[in-house]
Structures are given as C-alpha cells and as structure tokens.
Amino acid sequence: MSSLFEIHDLLVLRDGHPVLEVDLLEVSKGQVLAVVGPNGAGKSTLLLVLARLLKPARGQLRFAGLPLDALSDLAYRRRIGLVLQEPLLFNRSVFDNVAAGLRFRRIPSDQVTKRVLVWLGRLGITHLAKRPASKLSGGEMQRVSLARAFVLQPELLLLDEPFTGLDNPTRLALLDDLGGILQETGITTLFITHDLSEVTRFAHQVAVLLDGRLQQCGTPGELLASPCNEAVAAFLHAGA
Amino acid sequence: MELPEIGDVTLLSLQVSLLATLLSLLVGLPTGTWLALSGFRGRSFFLGMINTGMALPPVVVGLAVAMLLWRSGPLGNLDLIYTPWAIVIAQTVIAAPVVTGLTAAALQQLNPRLRLQLLGLGASRLQMVLALWQEARLPLLAALMAGFGSVISEVGASMMVGGNIRGQTRVLTTAIVLETGKGEFNRAILLGVLLLTITFLINLALTWIQQQGARR
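Time to look at the overall build of chain B. If you tally the helices and strands in chain B, you get 10 helices and zero strands. From first element to last, N terminus to C terminus, chain B shows the α and β order α-α-α-α-α-α-α-α-α-α. Along the first, second and third principal axes, the C-alpha set of chain B runs to 65 × 45 × 25 Å. Taking all 216 residues of chain B together, 38% fall into the buried category. A separation threshold of at least 6 residues defines the contact pool for chain B, and within that pool the share at least 24 residues apart is 75%.

Following this line, the structure appears as structure tokens:
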C-alpha cells in the first residue's frame, strides 16, 4: 500500500530544546494511524507539523509522493482536514460553521448547501442547522467540528484528541459514528489520543510517542504482543 | 448664533468627526490586528506606546499638528492650518491609538488556537483575519464607538488647528467654548444638548448593530 504521508528524520525545537524527534513515520493511503502517548509526549506538536502550522528544525516530509515543499502552505492545507481538541466553533449558525471551509475555497453556494446538508445528516445534526454554535452541548459541538472537516473531503484528516472532556456515553456514540464514517469514506487519518481504548476501535497502525520521541509503530496487536522497550510496555499496559 | 449657523456647525462637526473616525479605523484596524497576531520582539513596548496614545491630551495633539501644519512648518506648504482638514488630521491622531489599542485587545482575547483552526480549514491569511474580525465584531464595534466618542467631544485640538473660524472651522465643541466665553449660557447649553443628542443617536445606532451581532 502506498504512503500518503512520510516523515523522515524530523526534529522540532522549542526554545532551542528538542520537543519531538521522529526517525521515520509513514501513513498509508486509506489507513488510520493512531498516535498515542501521555500528555506532553509531543503528539499535538506532530499534528501541527503535519498541518504545516509549525515549522520543524529539520526533516523531510513527503505528501502524495512529493516533497511537502512542492506545495504552498495554503494549497496543502486545502487538501487536509483538521479537528482540534476544543471544537473552536465560530460564533455563527451550525450550518455556517460547517460551510466555512468550503466558502474559504470559494465553492459555489448551491454545492456548499448540498454538501453541508449531506454531512449534517451523516453526523445526525440536521435539526441543529440553524442553531447558534454557542447554544450547543459539548457532544453536538464536536459533531459540528467533525462535519466541518469531513465536508471538505480531505485527502488526510488530522484529529487531535477530539473526544477529550466528553462524558462517556457521548464519547462512545461519537467514536462509533467516526469509526463508521472512516470505514465508509476510506479517508487517510492521523488520530491523536492518549486513550488506548479509542485506538483499538478503528486504528490500523499505532505509533507510540514518549518523551518527544517516536518509540514504536505497528499494528495494535504487534504493539501489545511485542513492545520495543519497557517504557512502551509500561505505557501500553497502563492504558490497556 | 442663528439657526442656520447652528445647522452648519453641526454638519461640519459630524463631517469632520466621522471622517476622522473612518481614517482612524483605516489605520487602527490593520495596525491593531498586526500587533495582536504578530509575535515580534518589542511588541509589548509598542503596545504600551499605543495604550499611552489612547490617553493623549487633545491639546498636545493640537500643538504637534499645529507645528507640522504651521506656515513655516514641515507641511506648511500644504496650506491646511485653520481648515477643516487640519481638524480631521488632529482628530485622526487622537482616535487612531484608541482604535488600534482596542482592536489589539479585542483580537488578543480570542482563543489563540482559533487562528490554527482557521488556517487548518484552508483559510488564506486574509480570510483568517476577516474571520477573526467577525468573531471579535462586538469589541471591534466598541472600539469604533470609543474612537468616535474621543473625537466628537474633543475641543482642544479643534480649537488650536482649526482656529474656530466662523463659517469655516467652527464645530460644536469650539462653538460651546465661544458662547460660554461670551456669557451666552443658553446658547452654549443648546449646543451642548445638540452635541449630546448627536453622540447618543450615533452610539445608539452602533449599539443596535452590535447587539444584533450578539444575538446571532
């Protein structure tokens, strides 16, 4: 299976100190890669680098077979979707929130309406279309945030712990819906989480980040069966 | 002062102050945005300067602008001293720091990750800024109101660079000073009520727009 995204020899510095080092990481087309690790392990830093919102000190990044530098920041970002931990909805209606990315791309309004309605329906929030985003519950907000990313039909979807802080029934319902959508659409996804139970639901590959270093990458089964060192084993068993 | 003259003075006050507010918006909105979104070294110092500028005494601004526009001054050849344009320039200098400082504060109180989310949604830099302005529209309208309020009510700078010339540069505030000096308190009170009414109506309109935005 060909890689959609490759990272070689990545180093990210903050105030001169290394905060993320990755020797090699690949995300294959159509696959879901879960990046796990405790708080402060460098997971969100990796996501920001992948979204080209943070410049690494060193490293070769390739997207769809081309060096990432071959694309402008804007052109690249218009091929990806980004969902952050906080939903960060705009102070507008749910419909306008979901339509925002399409409008940035100057998609004709009839197509915007059509695509937005499809994704409002897919995430079960059609009835909220006209409601101001400020009057939504946490679960509803995250559904809007997911619809806002999926409506863009991204080649690569980046999810940064989108279900943190939600109550368990809401989180499980969202995980079920997300799993179904990812299976149905086949969108290549990088899913950041510190919760291993989320990973086993739909991740094809898992990458373990500890103390700013990529420790191991493999299928969930491989990792649980043969962790590469004691630190990875301790993390996996603590979360299992 | 007769009724037609009061009308002329009121109209000139409005024209000058609205134009100065518009110019201060053209300067203050991009500058405040740049200050809020950039992280250059010395930004805090620059913001401190702008915040100090928000408290600039109008007479000091009047003095500086008068020296610039004075016949023998660096911009004396433009022949602007004692014209309405001189008042517009002075009032713009007064309002621009107000609009700049409040714009920067309005954008800084937004969640900084909102910028990342906007860029992650494929917004260009310009689209990101426009979206941030829309998110901060309530405090930005407050900045506009504060800018207008600072110029419609000032008298020192208008007097110094306009000269309070009848039929040419007399505005409501300078007319009030003149009438009070002559002991014509009834006229001064009438002009004061007129000034307050105009200020109230304009701020009422802006507040209505602001609160419409708040309900969305």
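In this section: the overall build of chain A. For chain A, the count of helices and strands is nine helices and 10 strands. For 240 residues, the compact-globule estimate of 2.2 N^0.38 gives 18 Å, and the C-alpha radius of gyration of chain A, at 18 Å, lies within 12% of that figure. By sequence separation, contacts in chain A at least 24 residues apart represent 67% of the contacts at least 6 residues apart.

What follows deals with the interface of chain B and chain A. At the junction of the two partners, chain B supplies 15 residues and chain A supplies 19 residues. Contributions of two or more residues to the side of chain B that touches chain A are made by α5 (113-120) and α6 (125-135) of chain B. A per-element tally of the side of chain B that touches chain A places α5(B) first, with six residues. Among the residues making up the side of chain B that touches chain A, the classes are represented as six nonpolar, six polar and three charged.

For the rest of this paragraph, the subject is the nonpolar core. Within the largest apolar cluster, 126 residues are counted, with the highest numbers of intra-cluster contacts made by A:Val98, A:Ala147, A:Leu158 and B:Ala90. Ranked by residues supplied to this core, first place goes to helix α4 (residues 84-108) of chain B with 15 residues. Among all residues touching A:Leu158, those that are not within four sequence positions of it are A:Leu47, A:Leu50, A:Ala51, A:Ile80, A:Gly81, A:Leu82 and A:Leu190.

Definitions and limits used
- Residues numbered from 1 in each chain as written.
- Chains lettered and ligands numbered in written order.
- Predicted model: local features only at pLDDT ≥ 70, side-chain atom pairs only at ≥ 80, totals over all residues.
- Helix = DSSP H or I, 4+ residues; strand = E, 2+ residues; numbered from the N terminus.
- Buried ≥ 20, exposed ≤ 12 C-beta atoms within 10 Å, placed from the backbone.
- Contact = placed C-beta atoms within 7 Å.
- Rg over C-alpha atoms; globule rule 2.2 N^0.38 Å.
- Nonpolar A, V, L, I, M, F, W, Y, C, P; charged D, E, K, R; others polar.
- Core = buried A, V, L, I, M, F, W, Y, C linked by C-beta atoms within 7 Å.

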